[in-house]
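# Notes for the structure review
In case you want the letters, here they are:
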Amino acid sequence: MSNGVATNGNGSQDQTHTPSQRYLSTRGEDSGLSFEDVVLKGLASDGGLYIPEEVPVVPESVWQSWKDLSFTDLAYNIISLYISPSEIPAEDLKDIINRSYATFRTPDVTPLVHLQGSIHLLELFHGPTFAFKDVALQFLGNLFEYFLVRKNQGKEGRDRYHLTVVGATSGDTGSAAIYGLRGKKDVSVFMLHPKGKVSPVQELQMTTVLDANVHNLAVTGNFDNCQDIVKALFADPEINSTHKLGAVNSINWARILAQTVYYFYSYFSLARQSESFNIGDNVRFVVPSGNFGDILAGYFAFRMGLPVDKLVIATNENDILDRFWKTGCYTKKPVSGSKAEGGVPEDGVKAHEDGVKETMSPAMDIMVSSNFERLLWFLAYQFASSAGMDDEWNKKQAGQEVSSWLKDLKEKGGFGPVYKDVLESARRNFESERVSDQETLDTIKSLYQEVGYVLDPHTAVGVEAARRSVKRAGSDIPHISLSTAHPAKFSGAVTLALQDEADFDFAAKVLPQEFVGLDQKEKRVNDVANDWTAVRELVRKQVEEELTARDAGSA
Ligand SMILES: Cc1ncc(COP(=O)(O)O)c(C=O)c1O
Ligand SMILES: N[C@@H](CCOP(=O)(O)O)C(=O)O
């Protein structure tokens, strides 16, 4: 096997793809797909998410030898494990990776800074749109372009493969995807955001992009409604085949894959920066979580061999994930009863009628975390494997179990409690914390007072969870807390937290030049009802207009 990496499968069925380079659906109906298939399809036809048939286990001597690599060289070593060179030759993949990270404002791409005590911050906001999404979406934009150029060689007009990307955003995925795809040939982008529920800067970052292939839709509803509309479009065979839908949300496997790189990179950065930390030592990662895509990448890094003591999930008051880890039940709406039973939290937070609460960290105002399905598959697979049957049977069982859980989620609003062994196995690798709005503001304030660092509210949710985790685990275990956005994107929460600090000046201390004057720019956005068929009609109409203009030579 190349790269010195083993997989624990039964060998490849074809000569060109290792098991980690072939993909299956979490719901069991789709398998044997290539990387290109899963990147272009986004969501499996059975409604499941794609995962590699095997996670490559990287021998210690191999991953430890990566410790001094640049971000882009490390990214190549990791990403190439999941893509056959017969699909993307090594030189092409290196070029895609180099171009993707050349747009970042620091050569380090994702620098690690010491925050306080044993807590370090992994700054993921140095890309074009100042949020962690850029790390994956710059890469995904270039991947789409690479595949489309190849597919369209020698083709003209309507014969060309035209990808229609539809995505849902609670604020950050939208602008990152738009910046990754604006002006690219043969792609239209439709980005759905909940009207009035993203921060003013996030909204402007999206709606001031006027490229002909970018379409912003403001949906009357919340983020989950937007995500449901996207899934309904993918489930509609007609629009899917006529418009070749593509996904930029973390349902797209390439998003998770690109994110695994910064788990390794920050681990090596810590070893370079801290004298007391040696390669091979354990670390904890703390991740502000909503759709569960960011932390899931950490789970892949762990399974590949990175020494991770625990992955700590940090939720805001939309706490479905925290309730799962506490109770084993994954239920959309808090039911009445004690907190310990997964019911209404003791501090009396009232859920909105639709179950989602608007918080200070709006990008995490998500009720159903789409990537949790991928983790469920691994939990179900581990459980099935204890029966002593063959691997094919284990995978089939895992697919059936996930399908049944997701069916209950759709039809009954939740599932669980899951089997004790399943919950125990989830708890072996993860812990969870729920952080209230008040605690978020207090954390922004105290970190500013103690070390002069301004946190964005999502990052503050993580830092508060990290402080609690340090109390449990002890200060010997370093904590890497992921900083998922720049504070200037959330001026409301940051100003509220720091308004009484005499020396605090938002414009001087926080605001980047790139955001100045954004509100004076021309905007383009369409309002649309929370109705997937209305969105479908709009998509059809606007793609047709775009293609007609292109054929006439004006776009
Ligand atoms: C700033 C910020 N932090 C955290 C998250 C949560 O990440 P994930 O959805 O991958 O769990 C998001 C949105 O996804 C975000 O935009
Ligand atoms: N917080 C996200 C929500 C979408 O999540 P994704 O990671 O699945 O794209 C956002 O900012 O849009």
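These numbers come from a predicted model, not from an experiment. (Residues numbered from 1 in each chain as written. Chains lettered and ligands numbered in written order. Predicted model: local features only at pLDDT ≥ 70, side-chain atom pairs only at ≥ 80, totals over all residues. Heavy atoms only, no water.)

For the protein chain, the count of helices and strands is 20 helices and 15 strands. Here the C-alpha atoms of the protein chain give a radius of gyration of 22 Å, agreeing with the 24 Å that 2.2 N^0.38 yields for 555 residues. Dimensions along the principal axes, computed over C-alpha positions, put the protein chain at roughly 60 × 60 × 50 Å. Residue pairs in contact within the protein chain that sit at least 24 positions apart in sequence constitute 76% of those at least 6 positions apart. Of the charged side chains in the protein chain, 56 are positive and 75 negative, and the gap between their average positions amounts to 2 Å. (Helix = DSSP H or I, 4+ residues; strand = E, 2+ residues; numbered from the N terminus. Rg over C-alpha atoms; globule rule 2.2 N^0.38 Å. Contact = heavy atoms within 4.5 Å. Lys, Arg positive; Asp, Glu negative; His and termini not counted. Charge placed at Lys NZ, Arg CZ, Asp CG, Glu CD.)

Right, let's get into helix α10 (residues 253-273). If you check α10, its first and last C-alpha atoms are 32 Å apart, about what 21 residues at 1.5 Å a residue would give, namely 30 Å. With 19 of 21 residues buried, α10 is to be regarded as a mostly interior element. (Expected span 1.5 Å × (residues − 1). Buried < 20%, exposed > 50% of the residue type's maximum accessible area, 1.4 Å probe, protein only.)

Next up on the list: the sheet that holds strand β3 (residues 112-116). Read across the sheet, six strands follow the order β3-β4-β14-β9-β10-β13 without closing on themselves; strand pairing throughout is mixed. Edge positions in the open sheet fall to β3 and β13 (430-434), since each of these has one partner strand only. Strand-to-strand twist across the sheet, computed as the mean angle between neighbouring axes with direction ignored, equals 25°. Here strand β10 (residues 308-315) pairs with β13 via five bridges, running parallel. Counted as the bridge partner of T315 is R434 from β13. (Pairing = 2+ DSSP bridges. Axes fitted to C-alpha atoms, helices over the stretch in contact; angles between N-to-C directions.)

Let us now look at the packing of aromatic side chains. If you walk through the whole model with that rule in mind, you get 36 aromatic pairs. Positioned above the aromatic ring of Y161 is the side chain of K151, whose terminal nitrogen or guanidinium carbon lies 4.9 Å from the ring centre. (Phe/Tyr/Trp six-rings, centres within 6.5 Å; stacked < 30°, edge-to-face > 60°. Lys NZ or Arg CZ within 6 Å of the ring centre and 35° of its normal.)

All right, on to the pairing of β13 then. Counting buried positions over the five residues of β13 gives five, a clear majority of the element. With burial as the criterion, each face of β13 is covered, one bearing F430, S432 and R434 and the other bearing E431 and E433.

Attention now moves to unusual backbone geometry. With an omega of 5°, the peptide bond between G416 and P417 qualifies as cis. Examined against the element boundaries, P417 turns out to sit in the loop between β12 (414-415) and α15 (420-429). Positive phi is not limited to glycine here, since V109 has a value of about 65°. Inspection of the secondary structure assignment puts V109 in the loop between α4 (90-101) and β3. The exposure class assigned to V109 is buried, which follows from its relative accessible area of 3%. Of note, K244 is a non-glycine position whose phi angle comes to about 45°, a positive value.

Position of T327 among the secondary structure elements: in helix α12 (residues 320-327). For T327, a relative accessible area of 18% corresponds to the buried category. As a C-alpha pair, T327 and G416 span 89 residues in sequence and 8.7 Å in three-dimensional space. Only 2.6 Å separates the side chain of T327 from the backbone oxygen of R323, close enough to count as a polar contact. (Polar contact = N/O pair within 3.5 Å; in protein donor to acceptor, adjacent residues only side chain to side chain.)

Close contacts around ligand 2 come from 14 residues, with T169, D172, T173, N249 and S250 the closest. Residue T173 places a side-chain N or O atom 2.7 Å away from an oxygen atom belonging to ligand 2. The contact in question runs from an oxygen atom of ligand 2 to an N or O atom on the side chain of S250, over 2.5 Å. When ligand 2 is considered free in solution it has 340 Å² of accessible area, and contact with the protein chains removes 95% of it. Per-class residue counts for the shell around ligand 2 are four nonpolar, seven polar and three charged. (Near = heavy atom within 4 Å. Areas by Shrake-Rupley, 256 points an atom, 1.4 Å probe, with all protein chains shown as cover. Nonpolar A, V, L, I, M, F, W, Y, C, P; charged D, E, K, R; others polar.)

With that out of the way, let us pick up the site of ligand 1. For ligand 1, the set of nearby residues contains 15 residues, the closest of which are K133, D172, G290, N291 and T484. Between ligand 1 and the protein, one listed contact pairs an oxygen atom with a backbone N or O atom of G290 at 2.7 Å. In this structure, T484 approaches ligand 1 through a side-chain N or O atom, which is 2.8 Å from a nitrogen atom. Protein chains bury 98% of the 380 Å² of accessible surface belonging to ligand 1 in isolation. Of the residues assigned to the shell around ligand 1, the class counts are six nonpolar, six polar and three charged.

Where helix α6 (residues 172-181) contacts helix α7 (residues 200-207), the two axes come as close as 9 Å, and the packing angle between them is 25°. Classified by the angle between their axes, α6 and α7 sit roughly parallel to one another. Crossing angle aside, the handedness with which α6 passes α7 is left-handed. Along the contact surface, α6 presents D172, G174, S175, I178 and Y179, while α7 presents Q202, Q205 and M206. (Parallel < 35°, antiparallel > 145°, perpendicular 65-115°, else oblique. Left-handed = near helix turned anticlockwise from the far one by under 90°.)

Our focus in this paragraph is the packing of helix α13 (residues 372-385) against helix α14 (residues 391-412). Orientation of α13 relative to α14, taken along the N-to-C sense of each, is 135°, at an axis distance of 8 Å. It follows that α13 is oblique to α14 by the angle criterion. Crossing angle aside, the handedness with which α13 passes α14 is right-handed. Only D391, W393, N394, K395, Q397, A398, G399, E401, V402, W405 and L406 of α14 make contact with α13, whose side of the interface consists of E373, L376, W377, A380, Y381, A384 and S385. Per-class residue counts for the contact of α13 with α14 are 10 nonpolar, four polar and four charged.

With that settled, the discussion passes to the sheet that holds strand β15 (residues 526-528). Spatial ordering of the open sheet is given by β8-β5-β6-β7-β15, a layout of five strands whose pairing is parallel. Each edge of the sheet is formed by a strand with only one pairing partner; in this case those strands are β8 (245-246) and β15. Two strands pair when backbone bridges link them, and strand β5 (residues 163-168) and β8 are joined in this way by two bridges, in the parallel orientation. Paired with T164 across the strands is L245, a residue of β8.

In total, this model carries 41 salt bridges according to the counting rule given. With a closest N to O distance of 3.7 Å, E54 and K395 form a salt bridge. On the criterion of sequence distance, the pair formed by E54 in the loop between β2 (50-52) and α2 (60-64) and K395 in helix α14 is long-range, its members being 341 residues apart. The salt bridge involving R158 is made with E544; its shortest N-O contact spans 3.2 Å. Residue R158 is located in the loop between α5 (133-151) and β5, and its partner E544 is located in helix α20 (residues 532-551); the two are separated by 386 residues in the primary sequence. For R158, a relative accessible area of 45% gives the class partly exposed. Three or more residues are tied together by salt bridges with common partners; here these are R284, D309, E431, E433, E439, E464, R468 and R472. (Salt bridge = Lys/Arg side-chain N within 4 Å of Asp/Glu carboxyl O.)

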